[in-house]
Amino acid sequence: AHIAFDRSKLEPFVHDNELGEMQALVTAADAELRQGTGAGSDFRDWLTLPTDFDRDEFARIQAAAKKVQSDSEVLVVIGIGGSYLGAKMAVDFLNDTFFNYLPADKRQAPQVFFAGNSISPDYVHDLINLIGDRDFSVNVISKSGTTTEPSIAFRLFKEMLVKKYGEDGAKSRIYATTDKARGALKTEADAAGYETFVIPDGVGGRYSVLTAVGLLPIAASGADIDQLMKGAAAAQKDYTNPDLNENEAYQYAALRNILYRKGYTTELLENYEPRLQYFAEWWKQLTGESEGKDQKGIYPSSANFSTDLHSLGQYIQEGQRKLMETVITVDKPQHDVAVPTAEDDLDGLKYLEGKQMSFVNQKAYEGVVLAHTDGGVPNMSVHIPDQTPFTLGYLIYFFEVAIAISGYLNGINPFNQPGVEAYKTNMFALLGKPGFEKLSKELNDRL
Ligand code: PA5
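Just so we're clear, the structure is a prediction, and the values are computed from it rather than from any experiment.

(A) Quick look at the overall build of the protein. Along the backbone of the protein there are 16 helices and ten strands. Its C-alpha radius of gyration of 23 Å places the protein within 12% of the 22 Å reference for a compact globule of 447 residues. Based on the C-alpha atoms only, the size of the protein along its principal axes is roughly 65 × 60 × 50 Å. The buried share of the protein, reckoned over its 447 residues, is 43%. A separation threshold of at least 6 residues defines the contact pool for the protein, and within that pool the share at least 24 residues apart is 78%.

(B) The sheet that holds strand 9 (residues 323–330), seen in detail. Read from one edge to the other, the open sheet built from five strands follows the order 1-10-9-7-8, with strand pairing classed as mixed. If you trace the sheet from one side to the other, it starts and ends with strand 1 (4–6) and strand 8 (299–304), each paired once. Pairs of neighbouring strands in the sheet enclose a mean axial angle of 20 degrees, with direction left out of account. Here strand 9 pairs with strand 10 (residues 379–384) via six bridges, running parallel. Its bridge partner being in strand 10, Thr329 is matched across the sheet by His383. Taken strand by strand, helix 11 (residues 277–291) contacts strand 7 (266–271), strand 8 and strand 9, and its axis lies near 175 degrees from that of strand 8.

What counts, and at which threshold
Residues numbered from 1 in each chain as written. Predicted model: local features only at pLDDT ≥ 70, side-chain atom pairs only at ≥ 80, totals over all residues. Helix = DSSP H or I, 4+ residues; strand = E, 2+ residues; numbered from the N terminus. Rg over C-alpha atoms; globule rule 2.2 N^0.38 Å. Buried ≥ 20, exposed ≤ 12 C-beta atoms within 10 Å, placed from the backbone. Contact = placed C-beta atoms within 7 Å. Pairing = 2+ DSSP bridges. Axes fitted to C-alpha atoms, helices over the stretch in contact; angles between N-to-C directions.

Shown next, in the form of structure tokens:
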């Protein structure tokens, strides 16, 4: 496999026999997933997406990305949840840490900013202010086409484009990623003549990063989406065997369920590279929305190290013993930096002179794993060789397939999200949306 799953530090928490005991359940979960006998079977097309995708659309995505690079200083990507997190995660993972702050000549791509991922007026105001009178384009992404947050943001940025470029000019700067046939955004895109990209029916939001949802923003940022798909395709091939001795993604799925059943109900996804912060945000949606239902499921959380060792570290080491952790470690940073030599040793760092920071980071990781394990936190690690598009594609698929299996192991439908509607109904009623009058009265009486 291109990445390595390390469970060697689980010894105090999971007995030797336990993983094997899960094989029958894993085999059954694999059959539910692969044969479509499990709940939510209409949403499994991500399984074969890396090898079975629309090549013509892929070429159109690459052409659109080139156009945006040639005519825009800023790309505003509008979307929320599954229509946002994958692109944000990948743009951060693959590009320079300060990508958006680099001078244009060091970027060869537009700045990429996200909107429609909150309802904050200050956020939108500040983004409009930041764009100023510079050239920009918009990629609006919504599967349903009716989600409130992106719909409001799209109105705002569309209005800004029309004012700046006129109706026709605006049209050529709007890229709409949505359902192939249904929804308000599709209707509007067809009527207005925007270029459209498709979110396939059989791919849910949190599994959509390798569709146009993720691919257009990622390609516009200058990252190689061809390699991204190749990495995912390699993982698709590597993680098909249901045998737990062979399949590390399935091992991860089984072990986090073994631990969950022992009372480790929160899983922290951790990293030692700031560019992976949003990987955890993407993973939180993937796991939380897939598994948190029917009053059960592991609560997904995250921590960024070594930063959070100075804030959350105390709790992880000594707080309630319900935490397990999964660390993503990058074997080789793109750039390494040595600790400088100095005449004196006033800061006490002489023993590190000439050592690479990656070495220090690695020792921090090793020290933390042992300390947390000694403190009662089961640790699993996913070692990735680098932060290339190939590796990211591979890693995405690893977690996608693992979480689908994990959901079936816990006896839920990993592909629905009935709970996300509850707040929307209340919000619509409180906003006075037509059709919600009765609920509106009830809720206002309660407030
Ligand atoms: O996974 C989900 O269903 C949600 O997070 C959606 O992705 C999110 O609500 C955005 O939905 P849409 O793409 O329809 O605008």
